[in-house]
Amino acid sequence: MSRPVYILGGHQTDFSRAWARQGLDISDMIRESSLGALEAARLECADVQSIHVGNAFAELQRQQAHLGAMVAQVIPELWGVPAMRHEGACASSSLAVLAAMAEIEAGRYDCVLVIGAEEFKNTAGDIASVNQNAAAWQGREGIECKFMWPAAFGRIAQAYDERYGLDRRYLNRIAELNYANARRNPLAQTRKWQFDALSFTDDDQANPIIEPGTRRQDCGQITDGACAVVLASEAFAKAHLARHHDQSDQAMARLPRISGWGHTTAGLRLLDKLERGRDQAFMFPHVRKGIEDAWKRAGIAGHQDLSGIETHDCFTSTEYVAIDHFGLTAPGQSWQAVESGMIEADGACPINMSGGLIGCGHPVGATGTRMLLDAARQVSGQAGECQIDGARRMQTLNIGGSLSTVVSFVVERG
């Protein structure tokens, strides 16, 4: 990377909150997360030089577009600050982060506010489900189903099974681990949910089939929420610390920074991606490339240099894909990392200590910034009961659609 980009602070809303039931909406989420991030970063609105908003479905869920301008509407102190909105399905706010980083690296701005926000609980679940289908190729996916995304990621599980063999008990275990991690996260949607002995089995009553290849506990939890982070250049970060009477090298070293990034994009249609990966070493070569690009820019060799991972688990099959694409196992052998305990809290590479999309929740447009903030909290020792002991370097993997838009960040101490 040409210039380091520091994370000065951030704020996540409570993902269990249903805002519409309190007479609130996405504008209120944007306000809370933005002001919370500035407070956490010890900044004033006057410090913000640019704003980027990630959101996927506001036009469909609330008939509300133009969310870049929404920020100044709800925070008048930001009136006049340049702002724009980004859409890339579940990777929307990661794209917003990339745009903000580009501005900082180019020297255009030194302090940028990035917000991810999504509202789903203002409509019935079936309506929200149909709205989310807009991230697929409408009418051309070639998958007969009632629910597009459980069907698509069930098809990915089936493809793994056909190519390598796949025992469903490992998908069930991924779900169990992520729900368990979420119980330690005070902002997780499912932190108070209860399960019984059959919940993480293939019992058709306790864990029914939603679409072929996907059961209830395989599914990430669509919810309301927002998460904002403040990104800054090295010069701004140093000046900011000086303003707060801490100019030591140790203070800079404690600041989390984005040391590497990867971004790849494939087509919309899942079946085309499966076909393109048929004779490749990895099922989804573009996902592997996004991860490797982040390693190269960070100057690291691979997963062995990570303290942990925050990865996309919109379904358990998505995390199963991530495990071998990160190289934790050979392609197709992700089950080994699950069985060995490698991805657990005390394992060699813990995954989704936040609870992930399954446990923490998945407000689509906010997921990328949420992952980034959790990674920053880990490396700065501020992750509370979710903390990985001695965490120094984390990586995120955020995916939009059926693995169409892929963004990965490496985050480490300054």
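Before reading further, recall that the structure is shown in the block above.
All values reported here derive from a predicted model rather than from experimental measurement.

Enquirer: Please clarify how the pattern of salt bridges should be interpreted in this entry.
Expert: Two side chains carrying opposite charge are able to pair once their charged atoms lie near each other. Scanning the entire structure with this criterion turns up 22 salt bridges. Note that Asp 272 is salt-bridged to Arg 269, the shortest N-O span being 2.8 Å. What makes Asp 272 partly exposed here is its relative accessible area of 36%. Connected via shared salt-bridge partners are Arg 168, Asp 202, Asp 204, Arg 215 and Asp 218.

Enquirer: Please clarify how the side chain of Asn 55 should be interpreted in this entry.
Expert: On the secondary structure map, Asn 55 appears in the loop between β2 (50–54) and α2 (58–62). Within the structure, Asn 55 has its side chain in polar contact with the backbone nitrogen of Ala 58 (distance 3.0 Å). A polar contact of 3.0 Å, which involves the side chain of Asn 55, links it to the side chain of Arg 85. If we skip the residues at most four places from it in the chain, Asn 55 touches Ile 26, Leu 67, Arg 85, His 86, Glu 87, Ser 92, Ala 117, Glu 118 and Gly 365.

Enquirer: Would you mind showing me how to read the environment of Asp 305 here?
Expert: Topologically, Asp 305 is positioned in the loop between α11 (285–298) and β9 (308–311). On the basis of relative accessibility, which here comes to 30%, the residue Asp 305 falls in the partly exposed class. For the pair formed by Asp 305 and Arg 393, sequence separation is 88 residues and the distance between their alpha carbons is 7.4 Å. Beyond its immediate chain neighbours, meaning those up to four positions away, Asp 305 contacts Ile 300 and Arg 393.

Enquirer: Even after reading the chapter, I still don't get unusual backbone geometry, so can you show me in this structure?
Expert: What you tend to see is this: most non-glycine residues have negative phi, and most peptide bonds are trans. Backbone geometry places Gln 63, a non-glycine residue, at a positive phi of 55°. Looking at where Gln 63 falls in the secondary structure, it is placed in the loop between α2 and α3 (67–74). The class of Gln 63 is exposed, set by a relative accessible area of 64%. At Asn 352, a residue that is not glycine, the phi angle is positive and equals roughly 55°. Following the sequence through the fold, Asn 352 ends up in the loop between α13 (334–340) and α14 (356–359). Classification of Asn 352 as buried rests on a relative accessible area of 0%.

Enquirer: Mind showing me how you'd approach the nonpolar core here?
Expert: Grouped burial of nonpolar side chains is what soluble globular proteins tend to show. In this structure, Phe 284 and Leu 328 are the most contacted members of the largest nonpolar core, which totals 58 residues. When residues no more than four places from it in sequence are discounted, the contact partners of Phe 284 are Ile 156, Leu 270, Lys 273, Leu 274, Val 321, His 325 and Leu 403.

Scoring rules and cut-offs
- Residues numbered from 1 in each chain as written.
- Predicted model: local features only at pLDDT ≥ 70, side-chain atom pairs only at ≥ 80, totals over all residues.
- Heavy atoms only, no water.
- Salt bridge = Lys/Arg side-chain N within 4 Å of Asp/Glu carboxyl O.
- Buried < 20%, exposed > 50% of the residue type's maximum accessible area, 1.4 Å probe, protein only.
- Helix = DSSP H or I, 4+ residues; strand = E, 2+ residues; numbered from the N terminus.
- Polar contact = N/O pair within 3.5 Å; in protein donor to acceptor, adjacent residues only side chain to side chain.
- Contact = heavy atoms within 4.5 Å.
- Core = buried A, V, L, I, M, F, W, Y, C linked by side-chain atoms within 4.5 Å.

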